[in-house]
Amino acid sequence: MSENKDINLVEAPEGISGAGFFATSFEKVIGLARKHSLWPLPFATSCCGIEYMATMGSNYDISRFGSERPSFSPRQADILMVMGTIAKKMGPVVKQVYEQMAEPRWVIAVGACASSGGIFDSYSVLQGIDRVIPVDVYVPGCPPRPEQILDGLMRVQDLAANESLRRRNSPEYQELLASYNIK
């Protein structure tokens, strides 16, 4: 019986290795763990949500990226994925969901409607969720393909892996939140 020794492992962070030990910074280990265990909260209101559902299927398999557990509780989610048209009346709800998420938290605006209001330039449609909460990654398209949604998730993984542990306590980050009137 032959054994398959072609096992793909996650690349180790920068560090010093020797016989029986590996040393690196705590920040790099935390970044590696965060990168491969992001739990999304899907906030889907229209067609972009259907494309997100396709990423959960076997063809695209979002679980390959450590995000196989969609969280429908903001307190257990790392990424807020806003997909679809957001009416102005929904703006405070999106903001409340964002505020209930624990730090660190990231936001992906999926599709043209969440990014800029899309084709709906009307009095009732929010012209981009970045008017109520800070956005980390924008995924273009109307609706975007599942590959684009996965690419957006990979961009957030890069942010999570390389983010300083102290960034969330920095004056710049606090100023950003204050500009959105978020405590």
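Going by the structure above, here's the rest.
Residues numbered from 1 in each chain as written. Predicted model: local features only at pLDDT ≥ 70, side-chain atom pairs only at ≥ 80, totals over all residues. Heavy atoms only, no water.

Asks: Hey, could you go over the pairing of strand E5 (residues 106–110) for me, with residue numbers and the actual values?
Replies: Across the five residues of E5, five count as buried, placing the element largely inside the fold. Of the two faces of E5, the one carrying Trp106, Ile108 and Val110 and the one carrying Val107 and Ala109 are both buried. Each parallel crossover has a hand, and the one from strand E4 (residues 79–83) via helix H3 (residues 91–100) to E5 is right-handed. At this point the chain moves from E5, through helix H4 (residues 111–116), to the parallel strand E6 (residues 137–139), and the crossover so formed is right-handed. (Buried < 20%, exposed > 50% of the residue type's maximum accessible area, 1.4 Å probe, protein only. Helix = DSSP H or I, 4+ residues; strand = E, 2+ residues; numbered from the N terminus. Right-handed = clockwise from strand over helix to strand, strands pointing away.)

Asks: Any chance you could break down the packing of helix H1 (residues 26–35) against helix H5 (residues 146–162) for me, citing the residues and the numbers?
Replies: The geometry of H1 relative to H5 is characterised by a closest axis approach of 7 Å and an angle of 160° between their N-to-C directions. Taken together, the axes of H1 and H5 lie roughly antiparallel to each other. Crossing of H1 over H5 shows right-handed handedness. Counting all contacts with H1, which are made through Gly31, Arg34 and Lys35, the residues of H5 involved are Gln157, Asp158, Ala160 and Ala161. (Axes fitted to C-alpha atoms, helices over the stretch in contact; angles between N-to-C directions. Parallel < 35°, antiparallel > 145°, perpendicular 65-115°, else oblique. Left-handed = near helix turned anticlockwise from the far one by under 90°. Contact = heavy atoms within 4.5 Å.)

Asks: Break down unusual backbone geometry for me, with residues and values.
Replies: Going from glutamate 103 to proline 104, the amide bond is cis rather than trans, its omega being -5°. Along the chain, proline 104 turns up in the loop between H3 and E5. The step from cysteine 142 to proline 143 runs through a cis peptide bond, and the omega angle for that step is -15°. Positionally, proline 143 belongs in the loop between E6 and H5.

That is the geometry; function is a separate question.
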